[in-house]
Amino acid sequence: MFGKVGCCVCILIALTSSSTVEGHAGSLQVARYDNYRLYRVLLANMSQVELFQQLEAKSDSCTFYGHARQPGQQLTIMVAASKVADFDDLLTRYSVEGQVLEYNLQRQIDREATTVKSIDAKPIEMDWDHYFHLETIYAWMDSLAEQYPFVNVLSLGQSYEGRPIKGIKLSRQSGNKAIFVEGGIHAREWISPATATYVLNQLISSTDPAIIELSTAYDWFFFPIVNPDGYKFSFVGDRLWRKNRKPYGLCRGVDLNRNFDSNWGGIGSSDDPCSYDFSGSAAFSEPEASALADFLRRSVKTERIRTYIALHSYSQLLMFPYGHTADKVPNYDDLQQITERAIEALTAVNGTEFKGGSKYETIYPSSGGSIDWAYHTGGIPVSLTFELRGPANSTDMFILPAEQIVPVGRETLAAFEAIVRESARLGYYD
């Protein structure tokens with residue numbers, strides 16, 4: 001019913017097309033999701049868990065956002081239009097409780113496209129009412145360095161396709177402790193770079209005394225798009241693309257947030273190159289993850305980096321290590337306290353509800369993540385991951401309307417303030 005033969009056919013066609021254009025994503029056909037449905041199902045017992053594990057393994061027509069793991073779990077699944085009837089039949093036959101969150105995913109993508117600025121938009125057009133191409137964001141970052149003497153443009157290195165992985169260092173005075181902000185490691189999570197640039201812009205230009213103090217008393221490193229190839233492809237090839245763009249046999253891409261040397265290849269990652277959470281051929285096999293880790297190895301001590309914050313979407317969570325084990329980190333209680341203060345501050349802005357805790361206990365088991373590596377090997381004691389709006393049962397998923405960028409930015413900035421304030425109180429910046 002959900003065989004994988006079609007998967008191989010589609011991939012071979014894509015490889016044939018890309019081979020004629022030397023891999024330049026702009027010349028490829030754009031993926032469409034007309035009448036693709038988004039379901040939310042409840043796995044009531046172990047038989048249903050095993051059923052959906054089999055379905056994920058065998059089907060090329062169902063895209064899972066999370067793996068079936070345990071009874072009581074809710075799971076979001078996108079179903080191709082041609083298989084909707086089969087999927088509904090499966091839910092009925094096995095008495096699986098489910099609901100349709102969205103009947104036509106392409107409708108959301110088309111609606112969002114009206115809020116995307118053109119690829120040739122100038123840096124002066126940068127705002128937080130639209131989504132922007134990689135080229136404009138990079139040009140805007142360059143313009144910041146030209147305008148402000150306390151801003152410098154950095155590069156972690158190059159992506160697989162040869163793009164720079166650009167960042168900003170903001171430093172108004174010497175001797176500061178520093179905070180590192182990672183964005184855009186998953187290409188389709190556009191709210192991540194948008195939020196990173198919003199917060200960066202506020203730290204540079206806000207007249208709020210509290211923000212000025214935050215910007216002055218600490219150095220800040222922002223890398224809004226650490227997966228530039230994937231981000232680019234999500235604009236010109238497939239809006240729902242997650243991984244980088246390095247080819248592995250029939251398929252492309254590694255989940256960069258499974259490629260770090262932190263229980264690499266373990267629970268919550270895959271050795272299948274066609275899987276959305278493929279961990280790569282080895283730890284740090286991908287230039288993007290390797291470049292980020294190399295920067296931290298060089299800079300954690302010299303730049304006094306004490307906090308690492310990764311921005312993702314969606315589910316409205318704030319989490320800390322570890323992802324691969326229920327074992328608690330030595331400063332678990334401190335991180336829990338920092339997380340609680342941050343969530344209180346975030347919720348106070350717009351009423352948005354978040355949950356907090358370790359990654360393992362809060363979202364799902366995972367291995368090879370950036371914050372686990374930054375914490376354990378990188379030696380950064382306050383390492384956190386945001387899963388920004390919307391909620392776990394969001395109908396928007398990664399296609400968050402651009403009108404929510406500013407509200408998300410404001411509440412996230414409030415959370416950043418609280419993280420730094422509570423971390424300082426607990427002595428992490430001494």
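Residues numbered from 1 in each chain as written. Predicted model: local features only at pLDDT ≥ 70, side-chain atom pairs only at ≥ 80, totals over all residues. Heavy atoms only, no water.

Right, let's talk about the sheet that holds strand β12 (residues 317-320) for a bit. Pairing is mixed in the open sheet, where eight strands are placed in the order β5-β6-β8-β7-β11-β14-β12-β13. Whereas interior strands pair on both sides, the edge strands pair on one side only; in this sheet they are β5 (151-158) and β13 (355-358). Within this sheet the neighbouring strands show an average axis-to-axis angle of 20°, counted without direction. Examined bridge by bridge, β12 and β13 share four bridges and lie parallel to one another. The residue bridging Leu318 from the neighbouring strand is Gly356, located in β13. Helix α5 (residues 134-147) contacts β5 and β6 (164-170) of the sheet and is inclined by roughly 35° relative to β6. (Pairing = 2+ DSSP bridges. Helix = DSSP H or I, 4+ residues; strand = E, 2+ residues; numbered from the N terminus. Axes fitted to C-alpha atoms, helices over the stretch in contact; angles between N-to-C directions. Contact = heavy atoms within 4.5 Å.)

On to helix α8 (residues 228-236). The element α8 is extensively covered by neighbouring structure, given that nine of its nine residues are classed as buried. Of the residues making up α8, those classed as buried are Pro228, Asp229, Gly230, Tyr231, Lys232, Phe233, Ser234, Phe235 and Val236. Where α8 is buried, its residues touch α5, β6, α6 (191-205) and α9 (287-299). (Buried < 20%, exposed > 50% of the residue type's maximum accessible area, 1.4 Å probe, protein only.)

This brings us to unusual backbone geometry. The residue after Ser313, namely Tyr314, is reached through a cis peptide bond having omega 5°. Positionally, Tyr314 belongs in strand β11 (residues 305-315). The residue after Arg389, namely Gly390, is reached through a cis peptide bond having omega 0°. Phi is positive for Ser315, close to 145°, though the residue is something other than glycine. Considering the arrangement of structural elements, one finds Ser315 in strand β11.

Once that is clear, we can look at the side chain of Thr385. By the element assignment, Thr385 lies in strand β14 (residues 382-391). Of the residues examined, Thr385 reaches a relative accessible area of 6% and is grouped as buried. Residues in contact with Thr385, not counting those within four places in the same chain, are Ala310, His312, Leu317, Leu318, Met319 and Ile371.

It is worth spelling out the sheet that holds strand β3 (residues 73-79) at this point. The strands making up a sheet associate through hydrogen bonds between their backbones, and the pairing can be parallel or antiparallel. Strand order in the open sheet formed by four strands is β2-β3-β1-β4, with antiparallel pairing between adjacent strands. With partners counted over all chains shown, the strands left at the sheet margins are β2 (62-65) and β4 (97-102), one partner each. Along the sheet, successive strands turn relative to each other by an average axial angle of 30°, direction set aside. Relative to β4, strand β1 (residues 37-43) is paired through five bridges, and the arrangement is antiparallel. Counted as the bridge partner of Leu42 is Glu97 from β4.

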